[in-house]
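# Structure assessment
Letter by letter, the chains look like this.
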Amino acid sequence: MGNKKEIYYQYFEKKIKPVVYDLEVSRCKLIKKTFLSSLIFFIVGCFFAYLFILVLLSGKFNPLFFPVLLFLMYTFIIKGIINFITAGKVYNNTFVEKVLPLFLVPVANFKAWPKNHNTDNILDSHLFHNFDERDDKRSYFGFYNRTNIIISETELTMPVKGDVKPQLFNGTIIQLELEKSINNHVIMFSKNEKKYNNYRQFNPNIDEFNRYLYVFAKNEDCINFINNDFWQVIKKIAAAYSAKSFSLSYKDNVVLIALKQKCPMPFGFLFKSLMSAKTYDEIIERFIVIYDLIDLLNKD
């Protein structure tokens with residue numbers, strides 16, 4: 001397939017841009033409303049700061065009046081800042097719910113997928129110890145280059161007693177079901193992750209790779225896919241998803257990638273126009289890096 005980013009850009013101009021116009025109008029209104037309310041809070045906060053300075057310069061210490069002025073000053077100033085944070089979160093939720101699905105169609109034709117599906121593959125990957133519960137926030141299924149793709153925003157909890165269970169994993173899990181298979185099980189962990197297997201460790205002849213990742217395999221067969229091209233794609237995946245850690249399992253014909261993240265799905269930025277294709281580069285890149293990995297692994 002040709003330039004994938006150009007395919008997304010063309011689809012945006014033809015199909016998405018007319019749809020997001022109303023959302024763009026709402027975004028501009030939200031900025032104006034938030035700016036006005038925050039400005040009012042800042043002005044009131046500055047007024048109380050002015051009163052505080054006047055009282056301070058007068059030399060008349062009042063143990064009751066001073067704390068009240070300080071409290072009012074900080075409350076209104078902080079409220080002015082929080083207004084923008086709150087508006088940004090509201091906009092982010094709208095962005096993910098209404099704009100992100102518009103980018104599912106190009107290339108792989110992603111569709112909503114049943115949540116908590118294919119849990120057996122996660123267990124079979126050996127990337128995690130046993131977990132108690134799986135909670136998918138979103139899950140999508142697509143097909144590209146003879147490969148089934150499932151992308152899930154997932155949370156796994158630890159199997160411990162109690163109503164509140166510690167979080168084992170929070171982030172994105174990408175599952176690829178390839179056409180061809182390897183007679184092996186290869187596992188990779190970034191070096192800030194714990195190792196969960198008894199396989200033999202291998203060190204590819206790639207210095208940068210070995211600085212960041214451990215590689216384990218059930219046997220020595222079919223591990224030649226780990227080369228510099230593979231490493232470059234893996235780096236792009238971790239960067240595109242802003243991953244705090246990276247894990248990968250390649251068993252038979254199934255590749256499963258687990259990326260721990262603070263914010264699993266891409267979020268919109270309140271001050272970026274929805275009418276510009278470049279605004280969506282972060283979303284587009286998260287799809288393209290998956291396609292790049294599939295193209296590499298399916299290469300004859």
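Note that the coordinates shown come from a computational prediction; the quantities given were computed from them, not determined experimentally.

Per the secondary structure count, the protein chain includes seven helices and nine strands. Computed over its C-alpha atoms, the radius of gyration of the protein chain comes to 25 Å, more than 25% above the 19 Å expected for a compact globule of 300 residues. Contacts in the protein chain between residues far apart in sequence, at least 24 positions, make up 67% of those at least 6 positions apart. When the accessible area of the protein chain is evaluated, it comes to approximately 16,400 Å², of which 58% is carbon and sulfur surface. Averaging the locations of the 38 positively and 29 negatively charged side chains of the protein chain gives two centres separated by 8 Å.

What follows concerns the environment of V160. Its place among the elements puts V160 in the loop between β3 (147–157) and β4 (167–177). A C-alpha to C-alpha distance of 17 Å links V160 and N170, two positions ten residues apart in sequence. If we ignore the near neighbours within four places in the chain, the residues touching V160 are K165 and P166.

A word on the packing of aromatic side chains. What describes a pair of aromatic rings is the distance from one ring centre to the other and the angle between the planes of the rings. Tallied over the full model, the rule gives 19 aromatic pairs. Geometrically, the ring pair formed by F209 and W231 is edge-to-face, given 5.3 Å between the ring centres and 70 degrees between the ring planes. With F209 in helix α5 (residues 207–212) and W231 in helix α6 (residues 228–240), the pair connects residues that are 22 residues apart, well separated along the chain. You'll find F209 and W231 in the same group, each marked buried. With 6.3 Å between their ring centres and 20 degrees between their planes, Y212 and W231 make a pair best called stacked. With Y212 in helix α5 and W231 in helix α6, this residue pair connects regions lying 19 residues apart in the sequence. Relative accessible area serves as the criterion here: at 4%, W231 is assigned to the buried category. An aromatic cluster of three or more residues is present, and its members are F12, Y91, F95, F103 and Y280. Sitting above the plane of the Y214 ring, K191 keeps its charged end 5.0 Å from the centroid.

Our next topic: a nonpolar patch on the surface. Together, F42, Y74, I78, I81, I82 and I85 line one region of the surface with nonpolar side chains, adding up to about 540 Å² of accessible area. When residues in the nonpolar patch are grouped by element, the largest group, five residues, is from helix α3 (residues 65–99). Secondary-structure assignment places Y74 in helix α3.

As a further point, take the packing of α6 against helix α7 (residues 281–297). It is at 9 Å that the axes of α6 and α7 come closest, and there the two elements cross at 160 degrees. Between α6 and α7, the angle is such that the two are roughly antiparallel. Note on packing geometry: the crossing formed by α6 with α7 is left-handed. Contacts between α6 and α7 involve D229, F230, V233, K236, I237 and A240 on the former and, on the latter, E285, R286, V289, D292, L293, L296 and L297. Grouping the constituent residues of the contact of α6 with α7 by class yields eight nonpolar, no polar and five charged.

Within the largest apolar cluster, 63 residues are counted, with the highest numbers of intra-cluster contacts made by F103, I149, F230, I237 and Y280. With eleven residues, α7 is the single largest residue contributor to this core. F103 has contacts with Y8, F12, I16, Y280, I283, I284 and F287, leaving out every residue within four places of it along the chain. Within the second largest apolar cluster, 14 residues are counted, among which are L127, F131, L156 and I173.

Looking at helix α1 (residues 4–16), one finds that the buried residues are K4, Y8, Y9, F12 and I16. All buried residues of α1 fall inside an arc of 145 degrees around its axis, so they share one side. On the buried face of α1, the contacting elements are β2 (133–144) and α7. One side-chain oxygen of the residue at the start of α1 lies 3.1 Å from the amide nitrogen of K5, identifying that residue as N3.

Thresholds applied
Residues numbered from 1 in each chain as written. Predicted model: local features only at pLDDT ≥ 70, side-chain atom pairs only at ≥ 80, totals over all residues. Heavy atoms only, no water. Helix = DSSP H or I, 4+ residues; strand = E, 2+ residues; numbered from the N terminus. Rg over C-alpha atoms; globule rule 2.2 N^0.38 Å. Contact = heavy atoms within 4.5 Å. Areas by Shrake-Rupley, 256 points an atom, 1.4 Å probe, with all protein chains shown as cover. Lys, Arg positive; Asp, Glu negative; His and termini not counted. Charge placed at Lys NZ, Arg CZ, Asp CG, Glu CD. Phe/Tyr/Trp six-rings, centres within 6.5 Å; stacked < 30°, edge-to-face > 60°. Buried < 20%, exposed > 50% of the residue type's maximum accessible area, 1.4 Å probe, protein only. Lys NZ or Arg CZ within 6 Å of the ring centre and 35° of its normal. Patch = residues over 30% accessible without salt bridge, like charges linked within 9 Å, V, L, I, M, F, W, Y side chains within 5 Å. Salt bridge = Lys/Arg side-chain N within 4 Å of Asp/Glu carboxyl O. Axes fitted to C-alpha atoms, helices over the stretch in contact; angles between N-to-C directions. Parallel < 35°, antiparallel > 145°, perpendicular 65-115°, else oblique. Left-handed = near helix turned anticlockwise from the far one by under 90°. Nonpolar A, V, L, I, M, F, W, Y, C, P; charged D, E, K, R; others polar. Core = buried A, V, L, I, M, F, W, Y, C linked by side-chain atoms within 4.5 Å. Arc of directions from axis to C-beta. Polar contact = N/O pair within 3.5 Å; in protein donor to acceptor, adjacent residues only side chain to side chain.

Any functional reading would require information beyond the geometric quantities listed.
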